[in-house]
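Spelled out from the first residue to the last, the chains are:
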Amino acid sequence: ARLINPRPPQALIRRQRLHQKILLGIMLSALLASFWGGTWKVRAQAEGVNLTARVGFDGYCKQNQWVPIHVEVENTGPDLDAEVQVSYKKGSDGKSLTSMNIELPATSRKEFFLYTYFSGDYRRELNVSLLADGQVLKKVNLAVNCLAFETVIFGVVADNPSTYDILTDVKPLNGFVRIAQFGMSDLPDRAQAWASLDALIVANVDTGTVTPEQKQALKTWIAGGGKLFIVGGVNWQSTVAGL
């Protein structure tokens, strides 16, 4: 009779452990490559894009009204399918979210509006984010001040807007006056978002860049009682060009 040792030889044990270590190393390398590859991709995409945003009329709006957010995105990297989100906290644990999908070809720039609805008389912070593949590439925080409906907001688009600061001396029957300074590109392209503005003064600036959508929204606002004041000057011809 021959006694067989049930224990495997030490050489076989060492080979099995070596194979296990090699297999584990391959799995860890693949996992790290995937992680670092995804991180590098997000970082590269973030470096290739730029996001800017402006909210309301110089940061002002009125309670229970639609608020325009003027967004500009520039892509200097490769083609990118992205999403722009506008969000703010609503209540104790709620959240309001508005989004738009956009295509950003290489070396491109896009400019557009997003709209969100504010209820109540609040100061709030809006978050504007640019995402790709579920990852945030850029983020901008904007402060917005939604005023009571009785407040009078004068919009001023002018080459020297400080000239019209004297309008703060106007004393309405109720509330008070605020002056909002902005550019022609900040005029909303939807009539609903004009409701926060009581009057618009355009003085000595080029209005030829006004889009058909902005012009139609302006006409609807005027038809509903909005007041437009066009002030002449040295460049009066370009001031009336788009109006």
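Worth saying up front: this structure is predicted, and the values here are computed from it rather than measured.

1. Description of helix H2 (residues 212–223)
For H2, with 12 residues, the first-to-last C-alpha span of 16 Å sits near the 16 Å given by 1.5 Å per residue. Listed in full, the buried residues belonging to H2 are Gln214, Ala217, Leu218 and Trp221. For H2, the angular spread of buried residues about the axis comes to 100°, placing them on one side. Counted as exposed and oriented over 90 degrees from the buried face of H2: Pro212, Lys219 and Ala223. Phi turns positive, to about 115°, at Gly225, one or two residues after H2.

2. Describing the sheet that holds strand S10 (residues 177–181)
Strands sit in the order S10-S9-S11-S12 across an open sheet of 4 strands; the sheet is parallel. Only two strands of the sheet have a single partner each, and these edge strands are S10 and strand S12 (227–231). Mean inter-strand twist for the sheet, computed between neighbouring axes without regard to direction, equals 20°. Where strand S9 (residues 152–158) and strand S11 (residues 199–203) come together, 5 bridges link them in parallel fashion. When the sheet's bridge partners are listed, Val157 is paired in S11 with Val202. In this fold H2 packs onto S11 and S12, with an angle of close to 120° to the strand it touches most, S12.

3. Points about the nonpolar core
Counting residues in hydrophobic clusters, the biggest one holds 28 residues, and the most contacted among them are Ile69, Val71, Val73, Val84, Leu126 and Val128. Going through the elements one at a time, strand S1 (49–55), strand S3 (65–75), strand S4 (80–90), strand S5 (94–104), strand S6 (108–118), strand S7 (123–132) and strand S8 (135–147) are the ones with two or more residues in this core. The residues touching Leu126, leaving out its near neighbours within four places in the chain, are Val55, Ile69, Val86, Ser87, Tyr88, Thr116, Phe118, Val140, Asn141, Leu142 and Val144. Ranked by size, the runner-up nonpolar core spans 18 residues in total, among them Tyr60, Leu187, Ala217 and Trp221.

4. Digging into a nonpolar patch on the surface
On the surface, Ile230, Trp236, Val240 and Leu243 cluster together into a nonpolar patch covering about 360 Å² of accessible area. Mapped onto the elements, Leu243 comes out in the segment after helix H3 (236–241). Look at Leu243 and you get partly exposed, because its relative accessible area is 38%.

5. A short note on the confidence of the model for the protein chain
Overall, the predicted model of the protein chain reaches an average pLDDT of 86, with 85% of residues at or above 70. In this model, residues 38–42 is a region of pLDDT below 50 whose contacts with residues beyond four sequence positions or in other chains number 3 contacts.

6. Examining unusual backbone geometry
For Asp58, which is not glycine, the phi dihedral falls at a positive 60°. Tracing the backbone through its elements, the reader meets Asp58 in the loop between S1 and strand S2 (60–62). Of note in this structure, Asp133 is not a glycine but carries a positive phi near 55°.

7. Some thoughts on the sheet that holds S3
Strand order in the open sheet formed by 3 strands is S1-S3-S6, with antiparallel pairing between adjacent strands. Each of the sheet's edge strands pairs with one partner strand only, and the pair in question is S1 and S6. Strand after strand, the sheet turns through a mean of 20° between neighbouring axes, direction not considered. Where S3 lies against S6, 11 bridges are found, and the strand directions are antiparallel. For Pro68, the partnering residue across the bridge sits in S6 and is Tyr115.

Definitions and cut-offs
- Residues numbered from 1 in each chain as written.
- Predicted model: local features only at pLDDT ≥ 70, side-chain atom pairs only at ≥ 80, totals over all residues.
- Heavy atoms only, no water.
- Helix = DSSP H or I, 4+ residues; strand = E, 2+ residues; numbered from the N terminus.
- Expected span 1.5 Å × (residues − 1).
- Buried < 20%, exposed > 50% of the residue type's maximum accessible area, 1.4 Å probe, protein only.
- Arc of directions from axis to C-beta.
- Pairing = 2+ DSSP bridges.
- Axes fitted to C-alpha atoms, helices over the stretch in contact; angles between N-to-C directions.
- Contact = heavy atoms within 4.5 Å.
- Core = buried A, V, L, I, M, F, W, Y, C linked by side-chain atoms within 4.5 Å.
- Patch = residues over 30% accessible without salt bridge, like charges linked within 9 Å, V, L, I, M, F, W, Y side chains within 5 Å.
- Areas by Shrake-Rupley, 256 points an atom, 1.4 Å probe, with all protein chains shown as cover.
- Salt bridge = Lys/Arg side-chain N within 4 Å of Asp/Glu carboxyl O.
- pLDDT = per-residue confidence, 0-100.

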